[in-house]
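# Chains, contacts and geometry: an overview
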Amino acid sequence: MTAPPTDRIFVALDMTDVAGARAMAGKVAGMVGGVKLGLEFFVAQGPAGIRAVVDGLDLPLFLDLKLHDIPNTVAGAVRSAAPLAPSFLTVHAAGGPAMLRAAADAAREEAERLGLPRMRILAVTVLTSLGEEDMEATGQQGPVAAQVERLARMARDAGVDGIVCSPAEVAALRAALGPDFILMVPGIRPAWAAANDQKRIMTPAQAVAAGADHLVIGRPITADADPGAAARRIAEELTP
Ligand SMILES: O=c1ccn([C@@H]2O[C@H](COP(=O)(O)O)[C@@H](O)[C@H]2O)c(=O)[nH]1
């Protein structure tokens, strides 16, 4: 039996309080496949807060910490995150091959040591809030699609499980990197939602059609006056 398309959605709980995050998760339960907790929440609440949100939720956790440091430090942070049992953890691809390999090795070894399912390491390529006009200022070699593919190939060769990219790059990456490399895709905007600070965007259905494995969706759901209804609307758009 194939999983419903809504299982692909990780709702981004970008907020600072445990009660708010749990309440939001409750409002969208049944219409998303997992929760994403990132820097805003983690800096405010730490590992104890993460546990307080996900305990009893029975949804996979995407821990979006975007680690970026020297290999030894990132490996240590990956080991520190392991007891939270995230399904996915992010590092920045720009940290380079040695850092990516250290993260992938630490994830595998620590999950084995703790007897936990392996967390998947995802490398963030070019942030979805950046456009062609931002490449030079951020010291990156454009065009964006070429830079994303370069970073994605480097990440794959370093042994990570997948990448974070915008929906605009998904079709080309899927063709270039094959069916098993995980494509986690933010920058998702239904036609009825505001783009906010996102520059490289597509609708949920377009991103899935292009080959995205997972969609990360925050404000189109969480900033809506009725998050449950917004999530339902997206679920309907994804249902063939
Ligand atoms: O390139 C990236 C990497 C991560 N994100 C994260 O995804 C969500 C998107 O939230 P929206 O409210 O749907 O814009 C957010 O938590 C980001 O930290 C990203 O947007 N782009």
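Predicted model only: the values in this text are computed from it and were never measured.

What follows concerns the site of the ligand. Around the ligand sit 16 residues in total, of which A12, T128, P186, G218 and R219 are the nearest. Partitioning the shell around the ligand into residue classes produces seven nonpolar, six polar and three charged.

The next thing to look at is the UniProt feature "active site" (unreviewed entry) in the chain. The sites that carry the UniProt feature "active site" (unreviewed entry) are, in the present numbering, D64, K66 and D69. Note on placement: D64 falls in strand β3 (residues 61-67). Judged by the 25 C-beta atoms lying within 10 Å of it, D64 falls in the buried class.

With parallel pairing, the eight strands of this closed barrel are ordered in space as β1-β2-β3-β4-β5-β6-β7-β8. Pairwise comparison of adjacent strand axes, ignoring direction, gives a mean angle of 25° for this sheet. Taken together, the two bridges between strand β7 (residues 182-185) and strand β8 (residues 214-217) define a ladder with parallel strand orientation. Bridging from a neighbouring strand, M184 pairs with H214 of β8.

This part is about the pairing of strand β4 (residues 88-92). Judged by how many residues are buried, β4 sits mostly within the fold: five of five residues are covered. Two strands pair when backbone bridges link them, and β3 and β4 are joined in this way by three bridges, in the parallel orientation. The residue of β4 that forms the bridge with L67 is V91. After leaving β3, the chain enters helix α3 (residues 71-81) and then returns to the sheet as β4, a path that is right-handed. Relative to strand β5 (residues 120-124), β4 runs parallel, the two sharing five bridges. Counted as the bridge partner of H92 is V124 from β5.

This paragraph deals with helix α6 (residues 167-177). Of all the positions in α6, only P167, A168, E169, V170 and L173 are classed as buried. Along the long axis of α6, the arc covered by the buried residues comes to 170°, so they all point the same way. Buried residues along α6 sit against α5 (144-157), β7 and α7 (204-210). Backbone geometry just after α6 places G178 at a positive phi near 90°.

Attention now goes to the nonpolar core. By size, the foremost hydrophobic cluster in this structure holds 73 residues, and its most contacted members are V11, L100, A103, A123 and V185. At seven residues, the largest contribution of residues to this core is made by helix α4 (residues 97-114). Discounting chain neighbours no more than four positions away, the residues touching V185 are C165, S166, P167, V170, A207, A212, H214, L215 and V216.

What follows deals with unusual backbone geometry. Each neighbour pair has its own omega, and for G142 with P143 the value is -5°, a cis peptide bond. Along the chain, P143 falls in the loop between β5 and α5. Phi angles above zero are rare outside glycine, and D58 is one such case at about 60°. Looking at the secondary structure, you find D58 in the loop between α2 (39-54) and β3. A count of 7 C-beta atoms within 10 Å places D58 in the exposed class. One non-glycine residue, N196, lies in positive phi territory at about 55°. Inspection of the secondary structure assignment puts N196 in the loop between β7 and α7. Under the C-beta neighbour-count criterion, N196 is labelled partly exposed, with 13 such atoms within 10 Å.

Here the chain shows a mean pLDDT of 96. Residues at 70 or above account for 99%. The complex model carries a pTM of 0.97, and its ipTM stands at 0.99.

For the rest of this paragraph, the subject is the packing of helix α1 (residues 18-28) against α2. At a minimum axis distance of 10 Å, the contact between α1 and α2 shows a crossing angle of 55°. It follows that α1 is oblique to α2 by the angle criterion. Here the hand of the crossing between α1 and α2 comes out right-handed. Between α1 and α2, the contacting residues are V18, A21, R22 and A25 on the first element and F41, Q45, G49, A52 and V53 on the second. The class makeup of the residues in the contact of α1 with α2 is six nonpolar, two polar and one charged.

The rules behind these values
Residues numbered from 1 in each chain as written. Predicted model: local features only at pLDDT ≥ 70, side-chain atom pairs only at ≥ 80, totals over all residues. Near = placed C-beta within 6 Å. Nonpolar A, V, L, I, M, F, W, Y, C, P; charged D, E, K, R; others polar. UniProt positions renumbered as here; feature names shortened; annotations may be inferred. Helix = DSSP H or I, 4+ residues; strand = E, 2+ residues; numbered from the N terminus. Buried ≥ 20, exposed ≤ 12 C-beta atoms within 10 Å, placed from the backbone. Pairing = 2+ DSSP bridges. Axes fitted to C-alpha atoms, helices over the stretch in contact; angles between N-to-C directions. Right-handed = clockwise from strand over helix to strand, strands pointing away. Arc of directions from axis to C-beta. Contact = placed C-beta atoms within 7 Å. Core = buried A, V, L, I, M, F, W, Y, C linked by C-beta atoms within 7 Å. pLDDT = per-residue confidence, 0-100. Parallel < 35°, antiparallel > 145°, perpendicular 65-115°, else oblique. Left-handed = near helix turned anticlockwise from the far one by under 90°.

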